[in-house]
Amino acid sequence: MTAPTHAPVLQVDALVTTFTTPDEVVRAVDDVSFVLYPGRILGIVGESGSGKSVTARSIMRMVHAPGRVESGCIMLGDRDLRNLDERAMRSVRGRDVAMIFQDPQAALNPVIKIGDQIIESLQIHGMGAKKAKARALELLSQVGIPNPEEAFERYQHQYSGGMRQRVVIAIALANNPSVLIADEPTTALDVTIQAQILELLRKLRTDLGIAILLITHDMGVVAEMCDDVLVMYKGKVVERGPTAKVLAAPEHEYTISLMNAVPRMDSPLRAPFEPSGPPALEVSDLRTDVNAGQRSVFRRKAPFYAVDGVSIAVHPGETVALVGESGCGKSTLSRTIVGIYGSAGGTIRVGGRDVTAMTPADRRHVTRGVQYVFQDPYSSLNPRRTAGQSIEEALRVAGTPASKIRERSIELMRTVGLPAEHLDRYPYAFSGGQRQRIGIARALAGKAKVLVLDEPVSALDVSIQAEILDLLMRLQAEHGLGYLFISHDLAVVREISHRVAVMYKGKIVEQGTTQEIFEAARDPYTQRLLASTPKLDVEDRP
C-alpha cells in the first residue's frame, strides 16, 4: 500500500485502561497512542497479557468492571468516543466501528439462523425488514459463502470454523463501518482456512477502503497483511513503524527476542536421523471406526473410519510429525495408539509387542512405553491437586516404590527446568509454559520411550513455545525419546521433526524426511498446506 493521503479515521491518544485488584491497580493499557487511516491495515502484536485485546475493547467501550478506561482520547473522525453516553455508543458499535472476535462459534447464537443474526445487526441500526434481508443475502455472497439463500436458513453448527468466521465478518460489515477491529480472527482456524480469511480481509480493504486494526500474536500474519505494526509489552507500545522495517530490523530488545523466537519456514533443518534398531512404536494399516458401538434410534450407525489404513513408525531418538487440518484424523490416531479408542483393523506394536487387542496386560505395557502430552496444559492437570500430587500419581501407576516417589518427583521437576519447591503449588499458580513442563514431567514418570505430543505448543505464546521446543529436543538427546508430534503449525514442524507424515481424510497421503516434505512435496494437499502458511518475508506478500 502507498502512504496514507487521507485524514485518519481513528486516532487514539495516551489511552490508559486499568483493572483494580485487591492488591494493586494494574495498568493493562498504559499510554497507548496510534492513528489508523482509511484503506490501511495496522497490526498490534504482543504476547498474552500485553494489552492488545484490552486496547480493542477500550476503543469499543466494552471494558467491564473491575476494568475502566482512565484517561486518553479515542477520536473516531471528529468525535471522542469517551465522551459519548451509552446510548450514543450503541449507535456507533456495528455502524461506524465493528469487531471480529477470535472464536466465531462463541460469537454466533447457536439457536438463531445465520440470516436472522445478520438481519438483527441491520435492524438495530434502523433498516427495514425487506431491505435487511436483501442486504443479508448480499453480505453472505460478498464474504464468499456459497448459495446465500441456503446459508440464510442454516444454523452455525452446520458450518465449519472458516465458514462461521465468514458469517461473523458479514455481520461486522453489515452497516458499512469505517473501522474493522479484527481480534485474532484466524487463531482458531487451520492454515488453509486462515489463508482464505486473510485474503477476504485484504479484498475488503481494497474494495471498500475499510481501515483494519488487526490484533494478533502471529508474526507471519503481520508480515502478510499489515502496512504498519505496533509491538506491545506489559501494556505499553515498545516499538512501532512500517511492517517491513520492524520485522527486518527490530530495535527494542523485546521485539528482537520476539522475532528470534518465531519459528520460520526457512529455518535450518535438524540433522538427518538414522535409526539404529527397531521402532519403539509401529502402527500398520490401522483403522478406527468412531461410530463403533453407537446406535441410532432404530439401527446401528454406519461405520465411519476417521483413521483408515494408516501406517507409521517412531524410533527411539526420532521425531515424527503428523500434520493435517482439523478433522483429518490426527488426534483419533494418537488416541487409538494409547487405547482411548478401539481399533477396527490393523496392528499397533509398542516395543515390539502387539498390543492391538488392548487387554489389561496390553494397556499396562502401553502405559509403560507410551505417554501422552495434551494440547491444553491447564485442563490436563487436576486443579485440586498440586503439581507434586499429579506427578506422584503417575509414579505410583508406573510402579515406583513409595520410598522413592518424592525423590523421583524432585528429579523430574529439575529435568524439565522447574525448582523442587514448585511441587507444592496448584496449577493456577503456574504460567502456561510451566504447566506444560509439568505435563511433560508427568509423562516421563514411567520412563516411556515414546511421547505422543498432541499440539503441545499451540496454546503457548511464541517465546514460551520456543522454550518448550528447546526442552523437548534436550530431553530427546539425553534420554533417547521418540516423539509422535502432532501439529498444524508447519514452521514448528520444520524446526523439530526428522520425518513428516501428512494426513488427509483419515489417510496418510505423503510421508518422508522433513527435507523431502518441505522442499519437494509431491501430493497436491501437502503443497496446498505449505503454500498457505504465512511467511515472515514482507516482500513475498500478495
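The name given to the protein chain in an unreviewed UniProt entry is ABC transporter ATP-binding protein, with Cryobacterium tagatosivorans as the source organism. The protein chain has a UniProt comment under Sequence similarities (unreviewed entry) that states "Belongs to the ABC transporter superfamily." In its Subcellular location (unreviewed entry) section, the UniProt entry covering the protein chain states "Cell membrane".

**Concerning the overall build of the protein chain**
Secondary structure summary: the protein chain contains 20 helices and 20 strands in total. On C-alpha atoms alone, the protein chain measures out to a radius of gyration of 25 Å, which is about the 24 Å that the 2.2 N^0.38 rule sets for 542 residues. Principal axes of the C-alpha set define a box for the protein chain whose edges measure 70 × 55 × 45 Å. When burial is assessed residue by residue, the protein chain has 51% of its 542 residues classed as buried. Within the protein chain, counting contacts between residues at least 6 apart in sequence, those at least 24 apart form 69% of the total. For the protein chain, the accessible area works out to roughly 24,600 Å², and carbon and sulfur atoms hold 50% of it. Looking at charge distribution, the protein chain has the averaged site of its 63 positive side-chain charges lying 6 Å from that of its 63 negative ones.

**Comments concerning helix H7 (residues 161–173)**
Every α-helical turn comprises 3.6 residues, leaving residues that sit three or four positions apart pointing alike. If you check H7, its first and last C-alpha atoms are 18 Å apart, about what 13 residues at 1.5 Å a residue would give, namely 18 Å. Taken as a whole, H7 has its buried residues at Gly162, Met163, Arg164, Gln165, Arg166, Val167, Val168, Ile169, Ala170, Ala172 and Leu173. On its buried face, H7 is in contact with strand S6 (97–100), helix H3 (104–107), helix H4 (114–123), helix H5 (129–142), strand S7 (179–183) and helix H8 (191–208).

**Digging into the sheet that holds strand S1 (residues 10–20)**
Strand order in this open sheet of 4 strands is S2-S1-S4-S5, and the pairing throughout is antiparallel. Among the strands making up the open sheet, the edge pair consists of strand S2 (25–36) and strand S5 (79–80). Relative to S2, S1 is paired through 9 bridges, and the arrangement is antiparallel. Looking at the pairing, Val16 lines up with Asp30 of S2. Docked against the sheet, helix H1 (residues 52–59) engages S1, S2 and strand S4 (67–76), running at close to 110° with respect to S1.

**Quick notes on the sheet that holds strand S9 (residues 228–233)**
Pairing within the open sheet is mixed, and its 6 strands lie in the order S6-S7-S8-S3-S9-S10. Taken across any chain shown, the strands that pair with only one partner, and hence form the sheet edges, are S6 and strand S10 (236–242). The average angle at which neighbouring strand axes cross in this sheet is 15°, direction not considered. Note: strand S3 (residues 41–45) against S9, 4 bridges, orientation parallel. Across the sheet, the residue bridging to Val45 is Val231, located in S9. Where helix H11 (residues 253–261) meets the sheet, it contacts S9 and S10, and its direction lies at approximately 100° from that of S9.

**As for the environment of Gln156**
For Gln156, the location among the structural elements is in the loop between helix H6 (148–152) and H7. As a C-alpha pair, Gln156 and Asn109 span 47 residues in sequence and 7.6 Å in three-dimensional space. Residues in contact with Gln156, not counting those within four places in the same chain, are Gln105, Leu108, Asn109, Pro110, Ile114 and Arg164.

**A short note on the pattern of salt bridges**
Going through the model one piece at a time under the given rule, you end up with 27 salt bridges. Across the pair Arg68 and Glu70 runs a salt bridge, and its minimum N-O distance is 2.7 Å. The exposure class assigned to Arg68 is partly exposed, which follows from its relative accessible area of 46%. Look at Glu70 and you get partly exposed, because its relative accessible area is 34%. The partner of Glu392 in a salt bridge is Arg406, with the nearest N and O atoms 3.5 Å apart.

**Comments concerning the domain arrangement of the protein chain**
Structurally, the protein chain comprises domain 1 (1–78 + 178–262), domain 2 (97–176) and domain 3 (281–292 + 301–532). A straight line from the C-alpha centre of domain 1 to that of domain 3 covers 34 Å. Between domain 1 and domain 3, the contact holds 10 residues from the first and 10 residues from the second. For the pair domain 1 and domain 3, the summed buried area comes to about 1,100 Å², and 52% of that belongs to carbon and sulfur atoms. Summed over the three residues of domain 1 that lose the most area to domain 3, namely Asp190, Val191 and Thr192, the buried surface amounts to 44% of that side. Linking domain 1 with domain 3 are 0 salt bridges, by the criterion used here. Between domain 1 and domain 3 we count 3 residue pairs in polar contact (both at pLDDT 80 or more) in total. At the level of secondary structure, the elements contributing two or more residues to the side of domain 1 that touches domain 3 comprise H8 and H11. The class makeup of the residues in the side of domain 1 that touches domain 3 is 6 nonpolar, 2 polar and 2 charged.

**Considerations on the layout of surface pockets**
The computed volume of the second largest pocket comes to approximately 630 Å³. Forming the boundary of the second largest pocket are 22 residues, of which Gly94, Met99, Phe101, Ser121 and Ile171 lie nearest the centre. Mapped onto the lining of the second largest pocket, the elements with two or more residues apiece are S6, H4 and H7. In terms of residue class, the lining of the second largest pocket is made up of 13 nonpolar, 6 polar and 3 charged.

**Structural notes on helix H13 (residues 360–369)**
For H13, the full list of buried residues reads Asp362, His365, Val366 and Gly369. Taken down its axis, H13 places every buried residue within 100° of arc, on the same side.

**Side note on unusual backbone geometry**
For the bond running from Ala65 to Pro66, omega is 10°, close enough to zero to count as cis. At Lys234, a position not held by glycine, the phi torsion is positive, near 50°. Along the chain, the position of Lys234 falls in the loop between S9 and S10. Note on Lys234: relative accessible area 61%, which makes it exposed. The backbone of Asp285 sits at a positive phi, close to 50°, despite the residue not being glycine. Within the element layout of this structure, Asp285 appears in strand S11 (residues 281–289). The class for Asp285 is exposed, based on a relative accessible area of 51%.

Definitions and limits used
Residues numbered from 1 in each chain as written. Predicted model: local features only at pLDDT ≥ 70, side-chain atom pairs only at ≥ 80, totals over all residues. Heavy atoms only, no water. UniProt positions renumbered as here; feature names shortened; annotations may be inferred. Helix = DSSP H or I, 4+ residues; strand = E, 2+ residues; numbered from the N terminus. Rg over C-alpha atoms; globule rule 2.2 N^0.38 Å. Buried < 20%, exposed > 50% of the residue type's maximum accessible area, 1.4 Å probe, protein only. Contact = heavy atoms within 4.5 Å. Areas by Shrake-Rupley, 256 points an atom, 1.4 Å probe, with all protein chains shown as cover. Lys, Arg positive; Asp, Glu negative; His and termini not counted. Charge placed at Lys NZ, Arg CZ, Asp CG, Glu CD. Expected span 1.5 Å × (residues − 1). Pairing = 2+ DSSP bridges. Axes fitted to C-alpha atoms, helices over the stretch in contact; angles between N-to-C directions. Salt bridge = Lys/Arg side-chain N within 4 Å of Asp/Glu carboxyl O. Domains from an automatic or database assignment. Buried area = accessible area lost by both parts, 1.4 Å probe. Polar contact = N/O pair within 3.5 Å; in protein donor to acceptor, adjacent residues only side chain to side chain. Nonpolar A, V, L, I, M, F, W, Y, C, P; charged D, E, K, R; others polar. 1 Å grid on protein atoms, 1.4 Å probe; cavity = no way out; pocket = protein on both sides within 12 Å on 5 of 7 lines; lining within 4 Å. Points joined across faces, edges and corners; volume = space filled by probe spheres on them. Arc of directions from axis to C-beta.

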